[in-house]
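A structural walkthrough
If you want the building blocks of each chain, they are given just below.
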Amino acid sequence: MKLIEGIRSRRSIRNFSEQPLAPFFIQELLECWMYAPSAHNQQPREFLVIQNKDHLLRLSQHLKFGKMLAQANAAIITCFNKTIITDPAFIQQDMSACTQNILLAAHEKGVGAVRIGVYPLNNPGHFLNTYLQLPDHIDIFNIIALWYPDTTVPLREKSCIKPEKIHRETREQQ
Ligand SMILES: Cc1cc2nc3c(=O)[nH]c(=O)nc-3n(C[C@H](O)[C@H](O)[C@H](O)COP(=O)(O)O)c2cc1C
């Protein structure tokens, strides 16, 4: 799959097949985050991989928009280490860049994925931090649910391509 074709055909996948994901495969996905840009090269990212079905079910019970985790084959919990951040203002951009790399890599491999927003909605006492036994200096950014998509479901058309949102030189000019 060519990169631009992959960018254009990636979608959040919330329907799935039962086919299990191979662990080495998740490793490959995780390596893709390392190539994401990082402000001041601060690299604050850490990851927790969950494949235990009971854990996935427990997590889904505490995420309003993450119920599909209960059926997921695996989840990547993206986290950041607050002790090594040199520029907190850019943490969300840092983590979003690596999230997109993982989403595109999964898509390239034919695996469906959806990102479930957590930060900045979770506070230190949030169930997730306690349940996952995260130390105080580690914060969850988001959760990426993974599975093989149900290919009988057609790809959703995107309606966000709007030429009027593109301006040249000045905002008045199109
Ligand atoms: C910051 C952020 C948080 C998101 N959180 C959720 C979520 O909690 N649950 C969910 O099902 N999708 C979530 N999404 C996925 C969006 O719903 C999805 O990207 C949007 O509907 C566009 O669809 P597409 O990803 O297929 O292009 C999130 C996306 C972003 C960027």
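Our subject is the structure that appears above.
Below, the structure is looked at part by part. (Residues numbered from 1 in each chain as written. Predicted model: local features only at pLDDT ≥ 70, side-chain atom pairs only at ≥ 80, totals over all residues. Heavy atoms only, no water.)

Remarks on the overall build of the protein chain
Helix and strand counts for the protein chain come out as five helices and four strands. Its C-alpha radius of gyration of 17 Å places the protein chain within 12% of the 16 Å reference for a compact globule of 174 residues. Seen along its three principal axes, the alpha-carbon backbone of the protein chain occupies a region of about 50 × 45 × 30 Å. Across the 174 residues in the protein chain, those meeting the buried criterion constitute 41%. Within the protein chain, contacts between residues at least 6 apart in sequence are counted, and of these 77% link residues at least 24 apart. (Helix = DSSP H or I, 4+ residues; strand = E, 2+ residues; numbered from the N terminus. Rg over C-alpha atoms; globule rule 2.2 N^0.38 Å. Buried < 20%, exposed > 50% of the residue type's maximum accessible area, 1.4 Å probe, protein only. Contact = heavy atoms within 4.5 Å.)

Quick notes on helix 4 (residues 91-108)
Its 18 residues place the ends of helix 4 26 Å apart at the C-alpha level, agreeing with the 26 Å of an ideal helix rising 1.5 Å per residue. Of all the residues in helix 4, the buried ones are Ile91, Asp94, Met95, Cys98, Thr99, Ile102, Leu103, Leu104, Ala105, Ala106 and His107. Positive backbone phi, approximately 80 degrees, marks Gly110, located one or two places after helix 4. (Expected span 1.5 Å × (residues − 1).)

Description of the pattern of salt bridges
Throughout the structure, instances matching the rule amount to three salt bridges. For the salt bridge of Asp94 with Arg45, the shortest nitrogen-to-oxygen distance reads 3.0 Å. Of this pair, Asp94 sits in helix 4 while Arg45 sits in strand 1 (residues 45-50); the two residues are 49 residues apart in sequence, bridging distant segments of the chain. In this pair, the class of Asp94 matches that of Arg45, namely buried. For the salt bridge of Asp139 with Lys82, the shortest nitrogen-to-oxygen distance reads 3.6 Å. In this pair, Asp139 sits in strand 4 (residues 138-147) while Lys82 sits in the loop between strand 2 (74-81) and helix 4, placing the two residues 57 residues apart along the sequence. Overall, the relative accessible area of 11% leaves Asp139 in the buried class. (Salt bridge = Lys/Arg side-chain N within 4 Å of Asp/Glu carboxyl O.)

A few points about the side chain of Ser9
Here Ser9 lies in helix 1 (residues 3-9). For Ser9, the side chain forms a polar contact with the side chain of His107, separated by 2.6 Å. Ignoring sequence-local partners within four residues, the contact set of Ser9 consists of Met1, His107 and Leu155. (Polar contact = N/O pair within 3.5 Å; in protein donor to acceptor, adjacent residues only side chain to side chain.)

As for the packing of helix 2 (residues 23-33) against helix 4
Remark: helix 2 packs on helix 4, axes separated minimally by 8 Å, with the N-to-C direction vectors making an angle of 140 degrees. Taken together, the axes of helix 2 and helix 4 are oblique relative to one another. The hand of the helix 2/helix 4 crossing is right-handed. Contact residues: helix 2 offers Leu29, Leu30, Cys32 and Trp33, while helix 4 offers Cys98, Asn101, Ile102, Ala105 and Ala106. Its residues placed into classes, the contact of helix 2 with helix 4 shows eight nonpolar, one polar and no charged. (Axes fitted to C-alpha atoms, helices over the stretch in contact; angles between N-to-C directions. Parallel < 35°, antiparallel > 145°, perpendicular 65-115°, else oblique. Left-handed = near helix turned anticlockwise from the far one by under 90°. Nonpolar A, V, L, I, M, F, W, Y, C, P; charged D, E, K, R; others polar.)

Description of unusual backbone geometry
Cis rather than trans, the peptide bond between Tyr119 and Pro120 has omega equal to 0 degrees. Mapped onto the elements, Pro120 comes out in the loop between strand 3 (112-117) and helix 5 (127-131). One non-glycine residue, His40, lies in the positive phi region at around 55 degrees. Following the sequence through the fold, His40 ends up in the loop between helix 2 and strand 1. For His40, a relative accessible area of 58% translates into the label exposed. For Asn41, which is not a glycine, the phi torsion comes out positive at approximately 50 degrees.

So, to be careful, I would describe these as geometric facts and stop short of saying anything about function.
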